[in-house]
Amino acid sequence: MAGFDAELYLRTRGEEIILGLGPERHRPWDSPLLEQAQALVAIGAISRARARSVIDDYSLAEAVRSDQGHHSHHRMSMARAPRSRGVALKPRRVVPCNRAIEDSNGVLLVRHVTLSEDTTSLAITWRPILSGQSRSRRRGHMAMFGHGPGGPLQPQLTDDRGTSVGTGFGGGGSDEEWQGHLTADQPLAPDTAWIEIDGTRLELTGEPVRCDIKIEPLADEATAHRFLWRRLAIADFHGPPEIEGSIDALIAAGAVQPDDPVLGQIRAVQQAMPHHPGMSSAGHGGTRSLPEPWRSLFRRQGREDGPEGTLALSAVTPEFDGFSVAVSCLESRREGFGIEVDIAPGLEGHGPSQGFESRQLVWWAADERDNHHLGQLGSWSGGESYSSGEINFWPALRPKARQLSIMPTSETSRAVITVPLTWDNAQAGEREPA
Amino acid sequence: MTEWWTSLAPAQASVECGGKRHRLRWENGMLQALDHGDAESERTLAALGGQSCTCLDLIEAWDHHCDDLRVLVLGSRGPTDILAVDDDVTTQLGVSRPQVMTSGVTFAGSVGRSSRSRMQRVSAMGRRSSGWTAYGPAGQLPRPPGRMSQKARAESELLALLGLGGGLPERLVATVAAAWQERLQQRTRLAARSRAQLQAALHGRVFAVIRSWLGASGPESQLKMIGEQGKRRLISENGYVRAELPFGWVVDVWAPGLATIWGRFCLSANTDDGCTWRLITVGPDLGSPSVVTLQLGI
C-alpha cells in the first residue's frame, strides 16, 4: 500500500459521484462509497472514523443535489450511536410444544415457548378461519399490537404463579396463514411449569438439547480475500452483494492484483448468489467449480425437503473476537431453518451499512457431511449491549442430516455450536380444541 | 502581488430579515450586511428581545465557515453542477440559529459588520490583521445548550450559506479555497493533513470543466496536484487527459469563471494591476499553451 492514499481515493470516487461518473446508488440509505470504504477499512488503509468522515461529506454533497434533499443523509447520520460493551448472556429456557389450539377464529399452533428474565414469547403459526368471500392471497410482514392477523389474535398468557399478561403479535404471512411471535407485555416466571393461553394450558416439560461448543481460529488467508468472502456472505436487501467497488478499491490499494485467480472465484460465487434465499441461482453457469463452502451451499439451493421440527437448545458461547452468542432454538422447515439467538454486544442496523458502523458476524452452518448453509438476519431487536432475533438459513437441512454445526464467524475466529438433530419428539403437532 | 479577490466581481443577495428584504453584499473578500448600520447594537437588542437577525446570523455563519473544507465538498463544481438547497435561509437558520449570550460576554469592535475576521486571522499567520474583530469567534464563545448537535448546527449553517444565491455561495467557495491556498503555501501541518480533501476539491472542479469542455464522453482523466510554483500542464498521455495543476487553480482560475475561454482551457490567470490579465491556455487538442490577454476597462 506504499504511496496509496485511501482518503484521496475515496474522495476522488466521491467527486466522480458528484460529477455523475460514479457507481449507481443501489440502496438509497447507503452511500455508494460505502463499498469501497469498507474494503479499505478492512485492510487497514484508512481508519473507520476517517472513512466515515468522507462518506458523511459526500452523502451530504449528494443530498444537496437531490430532490429528496437531506433525508437519507440525515438518516445515515442519525443512525450512528456510540458503541458499548456487551453483557454476559444467559441461556434462555426454550420449550418445544407443537400444540395446536383451535377455536372459532382459527387454529393457533404454538411451536415453542421461550422464557427468560426479560421476555416471554411464543413462536406461533396462526391459521384463521376465513369466510368464503374474503379470501385473498395478500401477503405481508408486520408487527401487530392491536388486532392480529385475520382476527383478534392477542391472547392472554398466565403462568403457574397466577400472573396474567397480554400479548402482541409480530410476524408475517398471508390471509390464510401467519407465522411469527406472540410476545408477552411483561415476562412471566422463567421457570413456570405451564402457561395458559386464554385458559388453554400448555405443560412446559421439554428439556433442551445438549450442544458441544468450541471456539476455533480461522485459517490464514489474505486480508483482502477474507474481506471479500465475508462480504459475499452478508446478505443484502437487493440481491447479491455489490462487490466490484470493493474489488476496485482493493486493487487500487495494492491489496490484490487484478489477475488474482481468487477474484475470479469470488466473482463466480457472486454471480451464482440467488436474488433471494430459496430462489434459483442468479447466475447462468454451473456451481460445481466453485470453492467450498459455496459449492455445497448452492448444491441444495431451492430444495424444499427439509425436516420439520423444533429443537430447544441451551448454548452460550465463550467470548470470541469480542462476541458472545446464545442459541436458544432451532426450527427446521421444509424450505430452510432458523435459529433464535442473542448476541452481545448488540447489532446496529442491518445489511452492509451496519457492517461499517459495527462489527458483524457471518452465520455459517454445516451438517456432518459438510453440506453448508448460510444464515441471514431475520427479525431483530435489542440495543447496544445485546440484540435478540432470528437467523434464517438456506438451503433446507438435508433430511438425513444427523448433526448440525452452527458457526457464527467473526474476523479471526468462530464459534462452533454442534447440535444433534434429534427430531423424535419435535415432529408432530398435537391438535386440541380450545 | 494582488489580493486573491482581485479577479472576483462583487456579488449580492437579498434575504428576509425582520420582515423586510435586506441585502448581503460580498466585495473585496468581505461579506457585508448593507442594511444594518450599527450591527453590534442591533444584534444586542435582538438578543435581549429573544429575536434573531437573519443578516447578522448569516454574517456569523460565513465567518464560521470561511475556511471550512466541507464548503469545497458541498459547493458547486461549476455551472452544470446545480445545488438543490432550500433557498429559504431563515428556514435553514431556523433550526440552527446562533444564539447570543446576553450576559457575561463582551462584544468588541464592529460586531457583525462583515465577515473577513477569520480570513484575516488566517492571513495573520503571515501578517498582522487590521484589528477588526467579529463577534463570537467561531467555537470560542460559549453557546447556550440547544437541541441540535454542534455538527448539525454547523451543517444547517452551511446549507443556509449555500442557498443564498446571487453568487454568494461561489464567493464562499473562493474564500475557503483562498484560505487553504495560503496554508498550503505556508506549508502548515493542517494543510498537509488536509491534502486529500484539497486535492479532491481540485479534482472535482478540474474535471467538471474538462468534462463539459471536451464532452461528457471524453477520455479518462488524471490529476496530479502540484505545488503552487510548479509547471501547470494539461496533456494527453496514453489516452488519458492528464492535468498537473496546483490547488491555487481553484482560486485563480476556476473561481473567477476563467476555466475555459474561447474554447480553451485556462491553466493560469495572472495580473499585476487588476486590469490586464494574462491567461495561459490550452486548446482542445491539448497542444502547446497559448497566451490570452484580457483587458478590464473602457
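The shown structure was predicted, so the numbers you read here are calculated from the model rather than taken from an experiment. (Residues numbered from 1 in each chain as written. Chains lettered and ligands numbered in written order. Predicted model: local features only at pLDDT ≥ 70, side-chain atom pairs only at ≥ 80, totals over all residues.)

Asker: Sorry if this is basic, but what is going on with the overall build of chain A here?
Answerer: For chain A, the count of helices and strands is nine helices and 20 strands. The 434 residues of chain A split such that 45% are buried. Contacts in chain A between residues at least 24 apart in sequence constitute 64% of all its contacts with a sequence separation of at least 6. (Helix = DSSP H or I, 4+ residues; strand = E, 2+ residues; numbered from the N terminus. Buried ≥ 20, exposed ≤ 12 C-beta atoms within 10 Å, placed from the backbone. Contact = placed C-beta atoms within 7 Å.)

Asker: Quick question: what am I supposed to make of the overall build of chain B here?
Answerer: Across its full length, chain B holds ten helices and ten strands. A total of 298 residues make up chain B; the buried ones form 45% of that total. Sequence separation of 24 or more characterises 60% of the internal contacts of chain B that already satisfy a separation of 6 or more.

Asker: It is not clear to me how the sheet that holds strand β8 (residues 264-271) of chain B should be interpreted in this structure. Could you clarify?
Answerer: In a beta sheet, neighbouring strands are held together by backbone hydrogen bonds and run either parallel or antiparallel to one another. All names here are of chain B. Here we have four strands laid out as an open sheet, ordered β7-β8-β9-β10, and antiparallel in their pairing. Edge positions in the sheet fall to β7 (260-261) and β10 (290-295), since each has one partner strand and no second. In this sheet, strand β9 (residues 276-282) lies alongside β8 in antiparallel orientation, the contact comprising six bridges. Looking at β9, one finds that S268 is bridged to I280. (Pairing = 2+ DSSP bridges.)

Asker: What exactly am I supposed to notice about the pairing of strand β3 (residues 120-128) of chain A here?
Answerer: Residues and elements named next belong to chain A. The element β3 is extensively covered by neighbouring structure, given that seven of its nine residues are classed as buried. One ladder, built from nine bridges, connects strand β2 (residues 106-115) with β3; its direction is antiparallel. Counterpart to G106 in the pairing with β3 is P128. Counting the residues in the hairpin turn of β2 and β3 gives four residues.

Asker: Help me out: how do you make sense of helix α3 (residues 48-63) of chain A in this one?
Answerer: Given 3.6 residues to a turn, an α-helix orients residues that are three or four positions apart in the same direction. Residues and elements named next belong to chain A. Along its 16 residues, α3 runs 22 Å from first to last C-alpha, staying within 8% of the 22 Å computed at 1.5 Å per residue. Burial runs high along α3: twelve of the 16 residues are buried. Considered for burial, the residues of α3 that qualify are A51, R52, V54, I55, D56, D57, Y58, S59, L60, A61, E62 and A63. (Expected span 1.5 Å × (residues − 1).)

Asker: I tried to follow the interface of chain B and chain A on my own but got confused; where do I start?
Answerer: In many analyses, interface size is given as the accessible surface area lost on bringing the parts together. At the junction of the two partners, chain B supplies 20 residues and chain A supplies 18 residues. Of all the secondary structure elements, the ones that give two or more residues to the side of chain B that touches chain A are α3 (70-74), α6 (150-162) and α9 (195-214) of chain B. Ranked by the residues each element gives to the side of chain B that touches chain A, the list is headed by α9(B), at nine residues. Along the lines of polarity and charge, the residues of the side of chain B that touches chain A split into eleven nonpolar, four polar and five charged. (Nonpolar A, V, L, I, M, F, W, Y, C, P; charged D, E, K, R; others polar.)

Asker: Explain the sheet that holds strand β2 (residues 20-27) of chain B here, please?
Answerer: All names here are of chain B. The strand order across the open sheet built from three strands is β1-β2-β3, with neighbouring strands paired in antiparallel fashion. Both outer strands of the open sheet, β1 (11-17) and β3 (30-33), are each paired with one neighbouring strand and no more. Adjacent strand axes in the sheet meet at a mean angle of 25° when their direction is disregarded. One ladder, built from seven bridges, connects β1 with β2; its direction is antiparallel. Bridge pairing links A13 to L24 in β2. Strand contacts of helix α2 (residues 54-65): β1, β2 and β3, with the helix running at about 130° to β1, the strand carrying the most contacts. (Axes fitted to C-alpha atoms, helices over the stretch in contact; angles between N-to-C directions.)

Asker: It is not clear to me how the nonpolar core should be interpreted in this structure. Could you clarify?
Answerer: Nonpolar side chains tend toward joint burial in soluble globular proteins. Of all hydrophobic cores here, the largest spans 181 residues; its most connected members are A:L40, A:I43, A:L313, B:A177 and B:L202. Aside from chain neighbours lying at most four places away, what touches B:L202 is B:L223, B:M225, B:L245, B:F247, B:W249 and B:V250. (Core = buried A, V, L, I, M, F, W, Y, C linked by C-beta atoms within 7 Å.)

Asker: Just to check I follow, could you spell out the packing of helix α5 (residues 223-233) of chain A against helix α7 (residues 261-272) of chain A for this structure?
Answerer: If you want to describe how two helices pack, look at the angle between their axes and the distance between the axes. Residue and element names in this part refer to chain A. Contact geometry of α5 with α7 gives a least axis separation of 10 Å together with a crossing angle of 5°. Relative to α7, α5 is oriented roughly parallel. In contact with H225, L228, W229 and L232 of α5, α7 contributes V262, I266, V269 and Q270. Considered class by class, the residues forming the contact of α5 with α7 number six nonpolar, two polar and no charged. (Parallel < 35°, antiparallel > 145°, perpendicular 65-115°, else oblique.)

Asker: What am I meant to see in the environment of B:E170 here?
Answerer: All names here are of chain B. Examined against the element boundaries, E170 turns out to sit in helix α7 (residues 168-185). With 21 C-beta atoms packed within 10 Å, E170 lands in the buried category. Taking C-alpha positions, E170 is 9.1 Å from G78, a pair spaced 92 residues apart along the chain. Once residues lying within four places of it in the same chain are set aside, the contact partners of E170 are S76 and A255.

Asker: Would you take a moment to explain the pairing of strand β12 (residues 309-316) of chain A for this structure?
Answerer: For a regular strand, side-chain orientation follows a simple rule: the groups alternate between the two sheet faces. Residue and element names in this part refer to chain A. When you tally the buried positions in β12, you get seven out of eight residues, the bulk of the element. Relative to strand β13 (residues 324-333), β12 runs antiparallel, the two sharing six bridges. Bridge pairing in β13 places A315 opposite V327.

Asker: Explanation requested: helix α2 (residues 34-42) of chain A in the structure shown.
Answerer: Residue and element names in this part refer to chain A. When you tally the buried positions in α2, you get nine out of nine residues, the bulk of the element. Buried residues of α2: L34, E35, Q36, A37, Q38, A39, L40, V41 and A42, and no others. Count one or two residues on from α2 and you reach G44, which has phi positive near 80°.

Asker: What's the story with the confidence of the model for chain B in this structure? I'm lost.
Answerer: Low-confidence regions, as indicated by low pLDDT, have predicted coordinates that should not be scrutinised in detail. All names here are of chain B. In this model, chain B carries an average pLDDT of 80, and 77% of its residues clear a pLDDT of 70 or more. Below pLDDT 50 for its whole length, residues 95-114 participates in 46 contacts with residues either more than four positions away or in separate chains. Note on residues 116-145: pLDDT under 50 across the span, and 48 contacts to partners over four residues away in sequence or across chains. Scored by ipTM, the complex comes to 0.82, with pTM at 0.79. (pLDDT = per-residue confidence, 0-100.)

Asker: How do you make sense of the confidence of the model for chain A when you look at a structure like this?
Answerer: Per-chain confidence: chain A averages 82 in pLDDT, with 79% of residues scoring 70 or above. For the stretch residues 133-148 of chain A, pLDDT sits under 50, and the model shows 22 contacts to residues farther than four places along the chain or on other chains.

Asker: So what exactly am I meant to see when it comes to unusual backbone geometry here?
Answerer: In most cases, non-glycine residues show a negative phi, while peptide bonds are predominantly trans. The step from A:E292 to A:P293 runs through a cis peptide bond, and the omega angle for that step is 10°. Take A:P293: it is sitting in the loop between α7 and α8 (294-299). A cis amide bond links A:A344 to the next residue, A:P345, at an omega of -5°. Looking at where A:P345 falls in the secondary structure, it is placed in the loop between β14 (336-344) and α9 (351-357). Phi is positive for A:D198, close to 45°, though the residue is something other than glycine. If you trace the backbone, A:D198 turns up in the loop between β9 (194-197) and β10 (200-203). According to the C-beta neighbour criterion, A:D198 is partly exposed, with 14 such atoms within 10 Å. In the Ramachandran plot, B:N238 falls in the positive-phi region, its phi being about 55° despite a non-glycine side chain. Inspection of the secondary structure puts B:N238 in the loop between β5 (233-237) and β6 (240-246).

Asker: Any chance you could explain the packing of helix α1 (residues 6-18) of chain A against α2(A) here in plain terms?
Answerer: Residues and elements named next belong to chain A. One way to put it is that α1 packs onto α2 with a least axis distance of 10 Å and a crossing angle of 175°. Relative to α2, α1 is oriented roughly antiparallel. Seen from α1, the contacting residues are A6, L10 and R13; seen from α2, they are Q36, A37 and L40.

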